[in-house]
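Each chain, written out:
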Amino acid sequence: MEFRVLGPLEVRSGGRLIDVGGARQRRILAALLLHANRAVSLSRLVEVAWDHDPPATARRQVQNRVAALRRVLTPAGGFIDAHDAGYVLRVDPPALDAVAFDRLVERGRATADPRLLREALLLWRGPALSGLGGTLLEREAIGLEESRLAAQEDCLELELAEAAHARIVAELGTLVAEHPLRERLVGLLMVALYRCGRQADALLAYAGLAGRLAEELGIDPSPDLRRLHEAVLREDSSLALPTPPVKAASGAVPPSQLPADVYGFTGRTGELARLDRLLCDGQTERAVVVSVVSGTAGVGKTALAVHWAHQVRDTYSDGQLYVNLRGHAPDTPLRPIDAVTSLLRGLGVAAERIPPELDDAAALYRSLLADRRVVVLLDDAANAEQVRPLLPGGADNLVLITSRDTLAGLVARDGARRITLATLNPQEAYALLARTVGAERVAAHPAATAELARLCAYLPLALRIAAATIADGASMADHAARLADGNRLAVLSVEGDDQTAVRAVFALSYRTLSEPARRMFRLLGLVPGPEVTVDAAASLTARDPAEARQLLGQLVAGHLIEPLSQGRYTYHDLLRLYAIERAHGDETQAQRRAARGRLLDHYLHTAAAGALLLFPQRDALTLRPPGRGTVLTDLADRREALDWFSANRPALIAAVSVAADAGMDEHAWQLPWNLADFLYRQGHWHDLVTTQQTAVAAAQRLDDPAGLARALRGLANGYVRLGRFADGERHLTRALELFAEAADQTSQARGHLDYVALLDRLGLHERAIGQAKRALELSRASGYRTGQARALSSTGWSSGRLGDYRTAIAFCEQALELQRELGDRYGEAETSGALAFAHHQLGELRRAAEYYRRAAALYRESGSRGGEAVSYAGLGDIHHAAGRFESARDTWILALPVLDQLGHPLAAEVRQKLDLLRPAAVG
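As the structure is a computational prediction, the values presented were derived from the model and not from experiment.

Scoring rules and cut-offs
- Residues numbered from 1 in each chain as written.
- Predicted model: local features only at pLDDT ≥ 70, side-chain atom pairs only at ≥ 80, totals over all residues.
- Heavy atoms only, no water.
- Helix = DSSP H or I, 4+ residues; strand = E, 2+ residues; numbered from the N terminus.
- Expected span 1.5 Å × (residues − 1).
- Buried < 20%, exposed > 50% of the residue type's maximum accessible area, 1.4 Å probe, protein only.
- Contact = heavy atoms within 4.5 Å.
- pLDDT = per-residue confidence, 0-100.
- Phe/Tyr/Trp six-rings, centres within 6.5 Å; stacked < 30°, edge-to-face > 60°.
- Pairing = 2+ DSSP bridges.
- Axes fitted to C-alpha atoms, helices over the stretch in contact; angles between N-to-C directions.
- Salt bridge = Lys/Arg side-chain N within 4 Å of Asp/Glu carboxyl O.

> Please explain helix α31 (residues 685–702) as it appears in this structure.
Each α-helix winds once per 3.6 residues, and so residues spaced three or four apart point in a common direction. With 18 residues, α31 should reach 26 Å at 1.5 Å per residue; the first-to-last C-alpha distance of 25 Å fits that figure. Along α31, the positions that sit buried rather than exposed are Trp685, Leu688, Val689, Thr691, Gln692, Thr694, Ala695, Val696, Ala698 and Ala699. In the core, the buried residues of α31 are packed alongside α29 (638–661), α30 (665–682), α32 (705–721) and α41 (885–902). Directly after α31, the chain includes Asp703, whose backbone phi takes a positive value near 55 degrees.

> Where do I start with the confidence of the model for the protein in this structure?
Residues of the protein with pLDDT of at least 70 account for 95%, and the chain-wide mean is 87. The lowest-confidence element of the protein is helix α11 (residues 269–285), averaging 74 in pLDDT; the highest-confidence one is α31, averaging 96. Predicted confidence is poor over residues 243–251, with pLDDT under 50, and the contacts of this stretch with residues over four places away or in other chains come to 1 contact.

> Looking at this model, I keep getting lost on the packing of aromatic side chains. Mind explaining?
Aromatic rings considered in pairs are described by the distance between their centres and by the relative angle of their planes. Summed over the entire model, instances satisfying the criterion amount to 11 aromatic pairs. Considering the side-chain rings of Tyr510 and Tyr578, the 6.0 Å spacing of their centres and the 85 degrees angle between planes classify their relative orientation as edge-to-face. Remark: Tyr578 occurs in helix α27 (residues 573–586) and Tyr510 occurs in helix α23 (residues 502–511); sequence separation between them is 68 residues. This pair shows no difference in class: Tyr510 is buried, exactly as Tyr578 is. When the centroid spacing of 5.6 Å and the interplanar angle of 75 degrees are considered together, the rings of Tyr826 and Tyr859 count as edge-to-face. Pair noted here: Tyr826 is in helix α38 (residues 825–841) and Tyr859 is in helix α39 (residues 845–862), with a separation of 33 residues, a long-range link. Assigned by exposure class, Tyr826 and Tyr859 land together as buried. Chaining the aromatic ring pairs together yields one cluster made of Phe506, Tyr510, Phe521, Tyr571 and Tyr578.

> Could you clarify how one ought to interpret the sheet that holds strand β8 (residues 375–381) in this entry?
Within a beta sheet, neighbouring strands are joined by backbone hydrogen bonds and run either parallel or antiparallel to one another. Strand order in the open sheet made by the 5 strands is β7-β8-β9-β6-β10, with parallel pairing throughout. Only two strands of the sheet have a single partner each, and these edge strands are β7 (320–324) and β10 (417–421). Strand-to-strand twist in this sheet, taken as the mean axis angle between neighbours without regard to direction, amounts to 15 degrees. When β7 meets β8, the two strands line up parallel, connected through 5 bridges. Paired with Leu321 across the strands is Val376, a residue of β8. This element, helix α13 (residues 336–346), spans β7 and β8 of the sheet and lies at about 150 degrees to β7.

> Can you help me understand the sheet that holds strand β3 (residues 16–17) in this one?
Ordered by their spatial adjacency, 3 strands build an open sheet running β1-β2-β3, and the pairing between neighbours is antiparallel. Both outer strands of the open sheet, β1 (2–4) and β3, are each paired with one neighbouring strand and no more.

> Is there a simple way to explain the pattern of salt bridges in this structure?
Should their charged atoms come close, side chains of opposite charge can pair. Under the defined criterion, the tally for this structure stands at 62 salt bridges. The residue Arg454 makes a salt bridge to Glu451 at a minimum N-O spacing of 2.8 Å. Here the residue Arg454 and the residue Glu451 both occupy positions in helix α19 (residues 446–455), the gap between them amounting to 3 residues, near one helical turn. Judged by its relative accessible area of 30%, Glu451 falls in the partly exposed class. In this structure, Arg568 and Glu531 form a salt bridge, with 3.0 Å as the shortest nitrogen-oxygen distance. Of this pair, Arg568 sits in strand β13 (residues 568–570) while Glu531 is found in strand β11 (residues 531–533), placing the two residues 37 residues apart along the sequence. You can call Arg568 buried: its relative accessible area is 11%. Judged by its relative accessible area of 27%, Glu531 falls in the partly exposed class.

If you want it as structure tokens, here you go:
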């Protein structure tokens, strides 16, 4: 999640703009952001929201608006905590543009690097907090604007010292027009004009300021500015262009081999700060500093290393050495002896004096660097063995190494510190495009820019290639459309430079892998989702999990995939596209189909086992045995099962479509059936409908009436939860007909119980009792005891909705006894909720509260977020009826975010209750 206050207030999640509410709610959020991770008092937030004369309900309204902000921010990763002194908005500092700005400015000033200051200024999108209004916020905005202007002045002064006067003179003129009394700006403009040969204009700039100061304030310019004016009049030599540094007195020219700094370098604030800290640590410990910058192809390792090496070059007075080790080049990596030879020649050693043996040459190299202060940049290392002879022994040297490999041996044995680069975040990608394409152009097309960055997977190389195309005249939106519609890897290339193409740099990394690791990588392209587990990867390649883990480790070391949590891996979209290309190029159709079949078997059989752990009373299927080479995940209990379903949900949903597209129709209806209860009870109702629609079509192609009936029933339940009652009833009626034709009384009972839920949503409780009684008859006839308990519970619930509370309690108590005997925890949760409702209506509040708490705990255990939230909503009603208004408010606030997220009809009712709960009522 990203928060932006340097311009109009914005909150973004995954590049998408989040609606954070109306004007007062936005003001409250702005105040929390300006004091992020610190407490802001309730009275302060009232003053921010209303300025003067707040209403009597202002404190309560602020509490409600903070609760609303919680609902908006929590799903995307933002957290607002209550605090004794008020509220605290928890923000990861780099996610707030004001913090990122301050850090860049601080580093730019500390290192006298105007490029960092320019990068900081690019974070501004207009006047701070524009459009919010409010006296307090306007004061805060003035402070931010002053920081911006001071950074702009520092940047221009540093650029002036680098002889950039011709480039910045127009910018200075504009700033002076906007801030006509700011003496420092006028002074910088005078120097820039003078160095451009415009002495008269420099004097006019001074005269203009002097006139304005005299007329508006009755004062003269400062002594410093008067002295500058005299220097311009005299054409003083102090105003001349800065001269390059003088060579050492010895006459020796220190090596200066660093490549040119990268134009438009942006972002990487955290990584640069870590490098700064490593340098400080090395100087404190009097040890050679060895830093490894690792990451996937095209992520910007060399750019970061070169950029930082330029920043610290003045600290190393004896020069900078550079060698490209070509570890992932199309030809053979550079031999260590050749690398040492190159470094020695950079130090001025004649060719005839360089020993031919590696050990001797490395010893000479270490001797020459023993008493020097040198930066050594070793670019694109293949492995630790290639690098180790190139490490100097002198404590005053700095070694920077870039590699697509993690160089774990160098870290373990030689004390190297590793910094791993991920792809850019959306804000950094935006800034990179602004630096390379032009800030004005990017600002004019924010949506197209965001989409372009997403399609480039936030990979710096891809972004720069896209920027090069756009700079040649292509429209931002048109190029984004080309990337979306075509072969992205083909589009992301530079004409006439094949080695710059994204595909080419990926190929170099792929080439260095062992053949088993290459096969693992390309088959991962068949995974239908953003993540993969060890067991899924093992199934793809028909290997045991230990072997699969070892191969995945090779891919991690080469930065072709990234570890997420224990046993889970991912990679960005462009690498995924490359893996798919390799799978189609290097695997036969039969091999791909076999691998996909094993993967689908892994998902299907693991899901079937997990579904029974979560819902032991469910309608289980008899499955074909998994294919040879399939690895199943061993789920020990319902918690592991719930975690597995939750973590793998995107892949499981995508696998249903993959099965259908591949003509594997058995998987295409059986997998949705084993997902159905999880999706239903976790509130993923759109996913439930989508997967069951696929299941219906697959079962029809197979001419499988039993499978079709189950799929229709699952689809009906999804439609009912989404409020599409007519569609739900139509599909449920057809499912019941198929179950009747098959004389499947147990499934008929389940269908009639689903009908009860449909009729309950429609408020047709008398009809619902009729369906429940029919379900009870069928359950008794077939010996389906779980169905008997559910039918009794449903009869009790519907009776309670009709006002017959004692009858409701009688039926539900019968159900509860049977459910406890059967161990039906989910059914017990439903019945406890029905009992709580009935006792509440009878005024038996203590019993009602006990049942609601029991229901909430059982729903939580069963993985039903919606059931738990509904239970808390009911418990809030009990607190309110008992006069415990503060407890009622807290309990409703606990329920509301989940109800909102699920689109539950109860959400509006709970929100209305919160709005009506006056501050006076809660004390």
